[in-house]
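The chain contents come next:
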Amino acid sequence: MEQNEVPSLNDYQRFHGMLCGVETTQRVLQSFNGSALFASVNDYANDRKAIEEYDYSRTPVKLNVFTYYLLVLVSLTGISTAVGLTR
């Protein structure tokens, strides 16, 4: 993988669905430049909170390939997506 390879829309979709390989994960994470936001649809509708409250990059544990796959396992999102339970 080249350092400056830009992820495709399909890469981002697979990343969000937690169904991507290591190279795609690295490419997408690299494009975030160290930032990552985690929020539900309800969180987006709540205008009382600042965007910084959802900024995962401000936590002591940074999002990287290892922590991404840990999230895939712990959240069961990858399995849920694979069996068609998520959109």
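This text gives an overview of the structure that appears in the document. (Residues numbered from 1 in each chain as written. Predicted model: local features only at pLDDT ≥ 70, side-chain atom pairs only at ≥ 80, totals over all residues. Heavy atoms only, no water.)

1. Digging into the overall build of the chain
Counting secondary structure elements, the chain contains five helices and zero strands. Listed by position from the N terminus, the elements making up the chain come as α-α-α-α-α. Looking at the chain as a whole, 24% of its 87 residues qualify as buried. Across the chain, the fraction of contacts at a sequence separation of at least 24, relative to all contacts at a separation of at least 6, is 49%. When the accessible surface of the chain is split by element, carbon and sulfur atoms take 58% of a total near 6,500 Å². (Helix = DSSP H or I, 4+ residues; strand = E, 2+ residues; numbered from the N terminus. Buried < 20%, exposed > 50% of the residue type's maximum accessible area, 1.4 Å probe, protein only. Contact = heavy atoms within 4.5 Å. Areas by Shrake-Rupley, 256 points an atom, 1.4 Å probe, with all protein chains shown as cover.)

2. Quick look at the side chain of Thr 25
Relative to the helices and strands, Thr 25 is located in helix H2 (residues 22-31). Ignoring anything within four residues of it in the chain, the contact list for Thr 25 reads Phe 15, Cys 20, Val 65, Tyr 68 and Tyr 69.

3. A short note on the nonpolar core
With nine residues, the main nonpolar core is built from Phe 15, Met 18, Cys 20, Val 28, Leu 29, Ala 36, Leu 63, Tyr 68 and Val 72. At the level of elements, H2 and helix H4 (65-75) are the ones that each hand at least two residues to this core. Ignoring any residue separated from it by four or fewer positions in sequence, one finds Val 72 in contact with Met 18, Thr 77 and Gly 78. (Core = buried A, V, L, I, M, F, W, Y, C linked by side-chain atoms within 4.5 Å.)

4. A look at the packing of aromatic side chains
Taken as a whole, this structure holds four aromatic pairs when the rule is applied. Their ring planes at 75° and their centres at 5.6 Å tell us that Phe 15 and Phe 32 sit as a pair that is edge-to-face. A residue pair is termed long-range when its members are at least 10 positions apart, and Phe 15 in helix H1 (residues 9-16) and Phe 32 in the loop between H2 and helix H3 (41-45) qualify at 17 residues. (Phe/Tyr/Trp six-rings, centres within 6.5 Å; stacked < 30°, edge-to-face > 60°.)

5. So, unusual backbone geometry
For Met 18, which is not glycine, the phi torsion reads 60° and is therefore positive. Among the secondary structure elements, Met 18 is positioned in the loop between H1 and H2.

6. A look at H2
Within H2 the residues assigned to the buried category are Thr 24, Thr 25, Arg 27, Val 28 and Leu 29. As for H2, its buried residues are in contact with H1 and H4. Where H2 terminates, the next one or two residues include Asn 33, which has phi positive at roughly 55°.

7. Some words on the packing of H2 against H4
Between H2 and H4, whose axes approach to 10 Å, the crossing angle comes to 115°. Looking at the two axes, H2 sits roughly perpendicular to H4. As H2 runs across H4, the sense of the crossing is right-handed. For the pair H2 and H4, contact is made by Val 22, Thr 25, Gln 26 and Leu 29 and by Val 65, Tyr 68 and Tyr 69, respectively. Looking at side-chain class alone, the contact of H2 with H4 contains five nonpolar, two polar and no charged residues. (Axes fitted to C-alpha atoms, helices over the stretch in contact; angles between N-to-C directions. Parallel < 35°, antiparallel > 145°, perpendicular 65-115°, else oblique. Left-handed = near helix turned anticlockwise from the far one by under 90°. Nonpolar A, V, L, I, M, F, W, Y, C, P; charged D, E, K, R; others polar.)

Such coordinate-based values are descriptive only and should not be taken to indicate function.
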